[in-house]
Amino acid sequence: MKIRQDFVTNSSSVSYIVTMYKPIAENFIKNHIHDFSNSKNRAVQLLYNELLTNGTRNILEGVEIYTEKFQFRTDGDTMWEDSYDKPINEIDFDSISDKDVWALVYGEYIEKQRINEISGFGITQVRTF
Amino acid sequence: MKIRQDFVTNSSSVSYIVTFCPSLYDSKNDYHWRGREDKKDIKYSRIEELIKKDLFESGTKVYWEGCELYVKKYEFDTEETTTDEVYEEQNEEIDFKVISENDLWDYIRGQFFIMSDLGHIYGFGVTQVETY
């Protein structure tokens, strides 16, 4: 897949902590999954499963919160929905690798913060190099 | 400023956890506004200062994923909120120079917590955790 990256002039390494409250995130995904696009479904499920599997469980004021820090470069690790060489709704995300889906998660859902569209998720930038 | 809330038919209690990374905020703030602090938007100045003050005074300092963060759970009724949309419907504009702290908190809870605008400020994050 040809990726347009020539518009990126300033790259940097960035870090974000993704937070997730499982009951609300789980419920939101369950109730809205049929409204998600193919790409959004793969991206959200990948991030949700990653937090559940490898995230840290923290207790704050009686609330269990999953956290995980993601660090990536903005000049090659990330993809935005309009970065692909064809419209994103014409791409079958069920058939592409997790690595390629992670690029979309990093760019569209973490860097551009679209994960905030999913109730129960939050994101905090913590470091830039 | 009195806000019309009669259009709210179903209020509920909601909770959000706010996260704040002071080191990232300070580095970005310094980079963007050093030497031209007078240009900084009064809206964001007041909102950032109010939330920061509250987090430093009554938040919890935690080390999550190796990062020092201040976190706090905010619980409130959705009737205690306002948003840009509410003000637009009433053809009103917020004067952030004179708005009271109470009214500003209503706006923060609605526009910055529920509508997630807080995520647009470097170093801040917000996560919904409970609804009753």
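Structure shown above.
Here the structure is a predicted model, which is why all the values come from computation and not from measurement. (Residues numbered from 1 in each chain as written. Chains lettered and ligands numbered in written order. Predicted model: local features only at pLDDT ≥ 70, side-chain atom pairs only at ≥ 80, totals over all residues. Heavy atoms only, no water.)

Draft legend 1. Layout of the side chain of Thr83(B). All names here are of chain B. Here Thr 83 lies in the loop between strand 3 (67–77) and helix 3 (84–89). On the basis of relative accessible area, Thr 83 is assigned to the buried category, the value being 14%. In this structure Thr 83 touches Tyr 107, Gly 110, Gln 111 and Met 115, once residues within four positions along its chain are discounted. (Helix = DSSP H or I, 4+ residues; strand = E, 2+ residues; numbered from the N terminus. Buried < 20%, exposed > 50% of the residue type's maximum accessible area, 1.4 Å probe, protein only. Contact = heavy atoms within 4.5 Å.)

Draft legend 2. Spatial organisation of the packing of aromatic side chains. If you walk through the whole model with that rule in mind, you get 19 aromatic pairs over all chains. Between the aromatic rings of Tyr44(B) and Phe112(B), the centroid separation amounts to 5.9 Å while the plane-to-plane angle is 70°, which identifies the pairing as edge-to-face. Separated by 68 residues along the polypeptide, Tyr44(B) in helix 2 (residues 42–58) and Phe112(B) in helix 4 (residues 101–114) bring together distant segments of the chain. Using a relative accessible area of 24% as the deciding quantity, one classes Tyr44(B) as partly exposed. Linked through ring pairs, Tyr16(A), Phe70(A), Phe72(A), Trp102(A) and Tyr106(A) together constitute an aromatic cluster. (Phe/Tyr/Trp six-rings, centres within 6.5 Å; stacked < 30°, edge-to-face > 60°.)

Draft legend 3. Representation of the interface of chain B and chain A in the model. Listed as interface residues are 27 residues of chain B and, on the opposing side, 25 residues of chain A. Interface area for chain B against chain A, summed over the two sides, is near 2100 Å², with a carbon-plus-sulfur share of 58%. Looking only at chain B, the three residues that lose the most surface to chain A are Trp64(B), Glu65(B) and Thr127(B), adding up to 29% of its buried area. Put simply, the parts of the chain that give the side of chain B that touches chain A at least two residues each are strand 1 (13–20), helix 1 (22–33), strand 2 (60–64), strand 3 and strand 4 (124–131) of chain B. (Buried area = accessible area lost by both parts, 1.4 Å probe.)

Draft legend 4. Layout of the pattern of salt bridges. Within the structure shown, the criterion is met by 14 salt bridges over all chains. Here Arg73(A) makes a salt bridge to Asp75(A), at a shortest N to O gap of 3.3 Å. Judged by relative accessible area, which is 38%, Arg73(A) ranks as partly exposed. Linking Asp54(B) and Lys72(B) is a salt bridge whose minimum nitrogen-to-oxygen distance equals 2.8 Å. Taken together, the residues span a long stretch of sequence, with Asp54(B) in helix 2 and Lys72(B) in strand 3 at a distance of 18 residues. You'll find Asp54(B) and Lys72(B) in the same group, each marked buried. One salt-bridge network, held together by shared partners, links Lys40(A), Glu81(A), Glu108(A), Lys112(A), Arg114(A) and Glu117(A). (Salt bridge = Lys/Arg side-chain N within 4 Å of Asp/Glu carboxyl O.)

Draft legend 5. Highlighting the nonpolar core. Residues Leu47(A), Phe70(A), Ile110(A) and Phe121(A) are the most contacted members of the largest nonpolar core, which totals 35 residues. Those elements that provide at least two residues to this core are strand 1 (13–20), helix 1 (22–32), helix 2 (38–54), strand 3 (63–73), helix 3 (98–111) and strand 4 (121–128) of chain A. The contacts of Ile110(A), once residues within four sequence positions are left out, are Tyr16(A), Val18(A), Phe70(A), Phe72(A), Val105(A) and Ile123(A). Residues Ile47(B), Leu104(B), Phe112(B) and Leu118(B) belong to the second largest nonpolar core, which totals 26 residues. (Core = buried A, V, L, I, M, F, W, Y, C linked by side-chain atoms within 4.5 Å.)

Draft legend 6. Fine view of helix 1 of chain A. Of the residues making up helix 1 of chain A, those classed as buried are Ile24(A), Ala25(A), Phe28(A) and Ile29(A). One side of helix 1 of chain A holds all its buried residues, which, seen down the axis, span an arc of 125°. (Arc of directions from axis to C-beta.)

Draft legend 7. Quick peek at helix 2 of chain B. All names here are of chain B. In this model, helix 2 (17 residues) spans 24 Å end to end at C-alpha, consistent with the 24 Å of a helix rising 1.5 Å per residue. Those residues of helix 2 not exposed but buried are Lys 43, Ile 47, Glu 48, Leu 50, Ile 51, Lys 52, Asp 54 and Leu 55. Taking the backbone nitrogen of Lys 43 as reference, a side-chain oxygen 2.7 Å away marks Asp 41 as the first, capping residue of helix 2. (Expected span 1.5 Å × (residues − 1). Polar contact = N/O pair within 3.5 Å; in protein donor to acceptor, adjacent residues only side chain to side chain.)

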